[in-house]
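Working through the structure, step by step
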Amino acid sequence: MVSARRSFEGTLPIATMPRLCEVLASTDGLLQFELDFGRDELGISYVDVRARASLALVCQRTLEPFVLPVAVDTRLGLIRQERDEAGLPPDCEPLLVAEDGRLNPTDVIEDELLLALPLVPVNPDSSLPDEVTGHEPDSAGEGHSESPFAVLRELKKK
């Protein structure tokens, strides 16, 4: 694929990626991908991976499912031994391939999507309920409550 500078593009069902499905709230949907194989000016074999998907995750703040758009655009340097990683350019992540040079494109895409997911998924549109934060909603005409650091300030004076 590298010598022929092959390119592939298409869609894959998210459900075909078992490791990714383990962290998702729903396995419905498709992802779009593009893979471009080649060699750079230094002769280093690479694969450019681009993938886009809307993945259903569980918000760790509210424990409700939400959809997170994920986009991957990375260059992977194809190496056969770990010591070859030192010869890769700085913008190139290493991908260790088998001795026969074969790799499973679905596994590569799945790995990159897993790496793109947040460690702790939080819906950016969510907020903690007032019962959890201990704050009462501000009513009209009331000012802000005292600073939470006021107690510390008083302790420091003693």
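To start, this report covers the structure provided alongside it. Nothing here was measured: the structure is a model prediction, and the numbers come from that model.

Considering the overall build of the chain
Counting its regular elements, the chain contains four helices and five strands. Classification of the 158 residues of the chain by burial places 32% in the buried group. The long-range share in the chain, meaning contacts at least 24 apart out of those at least 6 apart in sequence, stands at 50%. Of the roughly 11,000 Å² of accessible surface on the chain, a fraction of 51% belongs to carbon and sulfur atoms.

Looking at the side chain of Glu112
Tracing the chain through its elements places Glu112 in helix α2 (residues 105–116). No salt bridge is formed by the buried Glu112. Its closest oppositely charged neighbour is Arg19, at 9.5 Å. Those residues in contact with Glu112, other than ones at most four positions away along the chain, are Val49, Val72, Thr74 and Leu76.

Brief notes about the nonpolar core
As a rule of thumb, soluble globular proteins bury nonpolar side chains together. In this structure, Leu20, Leu31, Val47, Val49, Leu55, Ile109 and Leu113 are the most contacted members of the largest nonpolar core, which totals 29 residues. Of all the secondary-structure elements, those providing two or more residues to this core are β2 (30–39), β3 (45–58), β4 (65–79) and α2. Sequence-distant contacts of Leu113, that is, excluding residues within four places in its chain, are made with Met17, Leu20, Leu31, Ala51, Val70 and Val72.

Describing the pattern of salt bridges
One pass over the full model with this rule turns up six salt bridges. A salt bridge links Glu34 to Arg50, with the shortest nitrogen-to-oxygen separation between them at 3.2 Å. Here Glu34, found in strand β2, pairs with Arg50, found in strand β3; they are 16 residues apart in sequence, far enough to count as distant. By relative accessible area, Glu34 is classed as partly exposed at 33%.

Notes on the environment of Pro69
Relative to the helices and strands, Pro69 resides in strand β4. What makes Pro69 exposed here is its relative accessible area of 64%. Between the alpha carbons of Pro69 and Ser54 there is a distance of 4.3 Å; along the sequence they are 15 residues apart.

Considering the pairing of β3
Sheet faces and side chains relate simply in a regular strand, where the side chains alternate between the two faces. Across the 14 residues of β3, 10 count as buried, placing the element largely inside the fold. Note that β2 and β3 share nine bridges and pair antiparallel. Among the inter-strand pairings, Phe37 is bridged to a residue of β3, identified as Val47. Linking β2 back to β3 in an antiparallel pair, the connection comprises five residues, with Gly43 at a positive phi of about 85°. Where β3 folds back onto β4 in an antiparallel hairpin, the turn is made up of six residues, including Leu63, whose phi is positive at roughly 60°.

Here we look at the layout of surface pockets
Quantified by volume, the largest pocket comes out at close to 440 Å³. Taken together, 20 residues line the largest pocket, and the ones lying closest to its centre are Val2, Ser45, Leu78, Arg80 and Gly101. Listed by contribution, the elements that provide at least two residues to the lining of the largest pocket are β2 and β4. Taken together, the residues that form the lining of the largest pocket break down as 11 nonpolar, five polar and four charged.

Quick look at the sheet that holds β2
Spatial ordering of the open sheet is given by β1-β2-β3-β4-β5, a layout of five strands whose pairing is mixed. Two strands in the sheet have a free side with no partner beyond their single neighbour: β1 (7–13) and β5 (93–96). Each strand axis lies, on average, 30° off the axis of its neighbour in the sheet, ignoring direction. By the bridge criterion, 13 bridges tie β3 to β4 in an arrangement that is antiparallel. Within the sheet, the bridge partner assigned to Ala56 lies in β4 and is Val67.

Reading the values: rules and limits
- Residues numbered from 1 in each chain as written.
- Predicted model: local features only at pLDDT ≥ 70, side-chain atom pairs only at ≥ 80, totals over all residues.
- Heavy atoms only, no water.
- Helix = DSSP H or I, 4+ residues; strand = E, 2+ residues; numbered from the N terminus.
- Buried < 20%, exposed > 50% of the residue type's maximum accessible area, 1.4 Å probe, protein only.
- Contact = heavy atoms within 4.5 Å.
- Areas by Shrake-Rupley, 256 points an atom, 1.4 Å probe, with all protein chains shown as cover.
- Lys, Arg positive; Asp, Glu negative; His and termini not counted.
- Salt bridge = Lys/Arg side-chain N within 4 Å of Asp/Glu carboxyl O.
- Core = buried A, V, L, I, M, F, W, Y, C linked by side-chain atoms within 4.5 Å.
- Pairing = 2+ DSSP bridges.
- 1 Å grid on protein atoms, 1.4 Å probe; cavity = no way out; pocket = protein on both sides within 12 Å on 5 of 7 lines; lining within 4 Å.
- Points joined across faces, edges and corners; volume = space filled by probe spheres on them.
- Nonpolar A, V, L, I, M, F, W, Y, C, P; charged D, E, K, R; others polar.
- Axes fitted to C-alpha atoms, helices over the stretch in contact; angles between N-to-C directions.

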